[in-house]
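Letter by letter, the chains look like this.
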Amino acid sequence: MNPEGVARLFALDKMNEGPFPEHYEPFESPLDTNPLHAKVVSNPAARIFKDDRDSFGTAKEFPYVATTYRLTEHFHFWTKHTRTAAVLQPEQFVEIGEDLAREKGIRQGDKIVVRSKRGMIKAKALVTKRITALTVAGKAVHTVGIPIHWGFEGLTRPGYLANTLTPFVGDGNVQTPEFKAFLVDIERA
Amino acid sequence: MALQSLDIKARSASTFAPPSARTTLEVAKLIDVSRCIGCKACQAACMEWNDLRDAVGVNEGSYTNPPDLSDQTWTLMRFYEEQIQGSLQWLILKDGCLHCAEPGCLKACPAPGAIVQHSNGIVDFHEESCIGCGYCISGCPFNIPRLRKEDSKVYKCTLCSDRVAVGLEPACIKACPTQALSFGSKETMLAQAEHRLTDLHERGFTKAAVYDPQGVGGTHVVYVLPHGDRPEAYGLPKDPSIGPLLAVWRSWVSRSLGVFTMFAVLVAGVFHYMKVGPLEEPRDEPRDGPGDGQGRPPRDASS
């Protein structure tokens, strides 16, 4: 609260989809709509090449939300050639919640296949309590966590490149790729 | 590892008095679990300093890698997902030797000088004297020492006794990015732990406690556990102690029993000799069969 008794809201006019922050669904969304405004579902300022649009999957075909992230043991992909890091995280894995694991008959340490419309990877399943199903617009949405650091040569056991799964989207301002939200399907390998 | 013969307080399978002219500060490592982010920097630092490289294993569906302590893994981050008071807690424990004040391993060890306790509290294995019997493994209430198959020697965390001896902190402490690990005199560490407890209690961790189990005389690796009422949720024994069998193993009882048995056998032997006399071998009798009829053993026809 300010001395004049009201709040202030600042925004620069430098954002392409600005001036104010807005919620847009990712281009691959588990929902067919944007719950806040159905007319504009995804970011209209995002950069997408025409042909890449065809490589987006639908929730019907790929029902689970995936996200990619790094692990504390790693630094980008540089540490692929560090033996200590290879000992600490020896093999590629994918994290799924207990509900999804039960639904799919996947047990701790099983080899699973993760597919998006663009590609597939195989990895060990790490079934965790930390990822729970979210209820989004009345619908249960499961999340698949995909740590990156595998693919190419390295000292760990061979793995797949997580970015074979990710979509080709550049955000509206700095072209950051949309690697944190996309759709996949999983099954036991 | 580092041999500081003046600072050895106790030595396995030895009875002579330790040198006592020099006094050293009692040290401790404080592991504040509430600050740990599970990055495994301590584990990497341990591998680097001690030149240990465990095998690149497999992921069995866990963040705990390698899956267990080994002769190449002296400290290990263990990850547990526990429901505590209705909420999910990701408990991360830096596992490794606790350097007990009354070490079960040292008490169990039958090899003179293979396990020593320094006056600063560090319990160290001298592998060159180790006979690979594995008694220390059964003697340890925390399941820490690991036998290496290739050389039949037992290995565990040394609390970087080689670094501490020259005034450095252990390698894991140096690597920790969140100050979850600290090192200093036991007194300071306990004071710091108390300070952390006050903070944790204020933040709603009303069961937070210091883990410095008195069943083993206190330890020189002390934990601050946010859920201190349930150390077993972290994989730590609730009330560790060295077993009663181990207590008699190197005590006057077992020694006296041993000496008594030796004398009893000697005395029994003397009486047996007096009563029964020496054992008489029967003379070889001439045998039937293909001998020469004069008691000589059978030979080949050619000889």
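Look up: the structure comes first, before these words.
Quick look at the structure, then. (Residues numbered from 1 in each chain as written. Chains lettered and ligands numbered in written order. Predicted model: local features only at pLDDT ≥ 70, side-chain atom pairs only at ≥ 80, totals over all residues. Heavy atoms only, no water.)

## Section: the interface of chain A and chain B
A common way to state how big an interface is: give the accessible area lost once the parts meet. The line we're drawing: Note on contacts: a residue pair is in contact if any heavy atoms of the two residues lie within 4.5 Å. Defined in terms of a 1.4 Å probe, buried area is the accessible area two parts forfeit on being brought together, summed over both. In the sections that follow, a salt bridge refers to a side-chain nitrogen of Lys or Arg positioned within 4 Å of a carboxyl oxygen of Asp or Glu. The term polar contact refers here to a pair of N or O atoms within 3.5 Å; inside protein, the definition further demands a hydrogen-donor-capable atom paired with an acceptor-capable atom, and it admits residues adjacent in sequence only when both atoms are side-chain atoms. Only DSSP runs of H or I covering at least 4 residues are called helices, and only runs of E covering at least 2 are called strands; the numbering of each starts at the N terminus. Under the convention adopted here, Pro, Cys and the residues Ala, Val, Leu, Ile, Met, Phe, Trp and Tyr are nonpolar, Asp, Glu, Lys and Arg are charged, and Gly plus all remaining residues are polar.
Between chain A and chain B, the contact holds 25 residues from the first and 23 residues from the second. Summed over both sides, the interface between chain A and chain B buries roughly 2,100 Å², with carbon and sulfur atoms accounting for 61% of that surface. The largest share of the area that chain A buries against chain B comes from A:Val87, A:Leu88 and A:Arg130, three residues that together contribute 30% of it. We note a salt bridge from B:Glu81 to A:Arg130, for which the minimum N-O separation is 2.8 Å. Where chain A touches chain B, the interface holds 11 residue pairs in polar contact (both at pLDDT 80 or more). Sorting the residues of the side of chain A that touches chain B by element identifies α1 (83-88), β2 (93-97) and β4 (120-128) of chain A as the ones contributing at least two each. In terms of residue count, the dominant contributor to the side of chain A that touches chain B is α1(A) (five residues). For the side of chain A that touches chain B, the class distribution of residues is 10 nonpolar, seven polar and eight charged.

## Observations regarding the sheet that holds strand β7 (residues 143-147) of chain A
All names here are of chain A. Heads up, the rule is: Any two strands with at least two DSSP bridges between them are considered paired. Helix axes are fitted only over the stretch in contact, all axes being lines through C-alpha atoms; the angle between N-to-C directions runs from 0 to 180 degrees.
Reading around the barrel, the six strands line up as β1-β7-β2-β4-β3-β8 and close back on themselves, with mixed pairing between neighbours. Across this sheet, the average inter-strand angle for adjacent strands is 45°, counted without regard to direction. Relative to β7, strand β1 (residues 64-69) runs parallel, the two sharing five bridges. Following the sheet pairing, Ala66 is matched in β7 by Val144.

## Brief notes about the packing of aromatic side chains
Going by this rule: Only Phe, Tyr and Trp rings are paired, with Trp represented by its six-membered ring, and only when their centres lie within 6.5 Å; those with planes under 30 degrees apart are stacked, over 60 edge-to-face, the remainder tilted. To sort residues, take the accessible area from a 1.4 Å probe on protein chains only and compare it with the maximum for the residue type: under 20% means buried, over 50% means exposed, and anything in between is partly exposed. Charges are assigned to positions over rings by a cutoff of 6 Å between ring centre and Lys NZ or Arg CZ, combined with an angular limit of 35 degrees from the ring normal.
The full count for this structure, using the stated rule, is 10 aromatic pairs over all chains. Measuring from centroid to centroid gives 5.6 Å for B:Phe79 and B:Trp90, while their planes differ by 45°, and the two rings are tilted. With a gap of 11 residues between them, B:Phe79 in strand β3 (residues 76-84) and B:Trp90 in strand β4 (residues 87-95) connect regions that are remote in the sequence. Among the residues examined, B:Phe79 registers a relative accessible area of 11% and is labelled buried. Ring pairs connect the aromatic residues A:Phe93, A:Trp150, B:Tyr63, B:Phe79 and B:Trp90, which therefore count as one cluster. Stacked on the ring of B:Trp90, the Lys or Arg A:Arg130 has its end atom at 3.8 Å from the ring centre. Residue placement shows B:Lys156 over the ring face of B:Phe125; its charged tip is 5.1 Å from the ring centre.

## Remarks on the pairing of strand β3 (residues 111-115) of chain A
Residues in a regular strand project their side chains so that they alternate between the two faces of the sheet. All names here are of chain A. Strand direction decides the pairing type here: β3 and β4, joined by five bridges, are antiparallel. Bridging across to β4, Val114 finds its partner in Ile121. In this antiparallel pair of consecutive strands, β3 and β4, the connection spans four residues.

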